[in-house]
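Observations on chain architecture
Each chain is listed here by its residues.
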Amino acid sequence: KGKETMKKKIFFIIGIFCCNLCFGSIVLQNDITGLSWRRSKIENCFDVAHTVKIENSFLPIIAGSTNVLWEFNTKNTETPFHFMTGLSLGVVDIGFTLSVPFVFEFTIAKFEKTMLEIFSKTNIGAFGTIFGFGDVLYLQSSLDLVWGRKDRKWFFGGFGVTYGTVFYSYTFEGFGKKEEIYSVLGAHVIIGIRLPSK
């Protein structure tokens, strides 16, 4: 019974995926964050001289990510609202990020063959270094003005603003805590391609 139930679940998921192929598209999107202001707050109970240290800096390019997304209901070009989600792998100046993006798209203007949209994206995931991912929270939100084809196929691109933060906190019983917060506010550029389904 257990194996039969598992087979039914697998066939159901495959069926849903195949049905969605008729209405959705796979989207590959690259994001670059630059011209950024970063604020670092480090609280370390073991550093007696500098228990709390705050630094501000300006960075020309701080992060980039590659997103593999699924855009639902792509073929319905009349509706002004679309949604994408998938997986994002990014590189920042202090490590790597692995997150799930949630992208809400709103069409604000249509022309003869092109259109303008507002992309609102939120990434939620984990942060890591070359030693691996840990219990570190990564959160990034962006708002972009995006130009693309009216039929929602092939290339699109745009720019906007983004805010991201990496948060790490660990409490040492009987001693105190170590906490690190890195926050970034900067310009955001996206370039992507929709691979249309048949």
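Computed from a prediction, not measured in an experiment: that's the story for all the values here. (Residues numbered from 1 in each chain as written. Predicted model: local features only at pLDDT ≥ 70, side-chain atom pairs only at ≥ 80, totals over all residues. Heavy atoms only, no water.)

If you walk through the whole model with that rule in mind, you get eight salt bridges. Note that Arg194 and Glu71 form a salt bridge whose closest N and O atoms lie 3.1 Å from each other. Of the two residues, Arg194 is situated in strand E8 (residues 176-195) and Glu71 in strand E2 (residues 52-72); the sequence distance between them amounts to 123 residues. Its salt-bridge partner being Arg194, residue Glu105 comes within 3.0 Å of it at the nearest N-O pair. Of the two residues, Glu105 is situated in strand E4 (residues 95-110) and Arg194 in strand E8; the sequence distance between them amounts to 89 residues. With a relative accessible area of 1%, Arg194 lands in the buried category. Each member of the salt-bridge network shares a partner with another, and the members are Glu71, Glu105, Glu117, Arg152 and Arg194. (Salt bridge = Lys/Arg side-chain N within 4 Å of Asp/Glu carboxyl O. Helix = DSSP H or I, 4+ residues; strand = E, 2+ residues; numbered from the N terminus. Buried < 20%, exposed > 50% of the residue type's maximum accessible area, 1.4 Å probe, protein only.)

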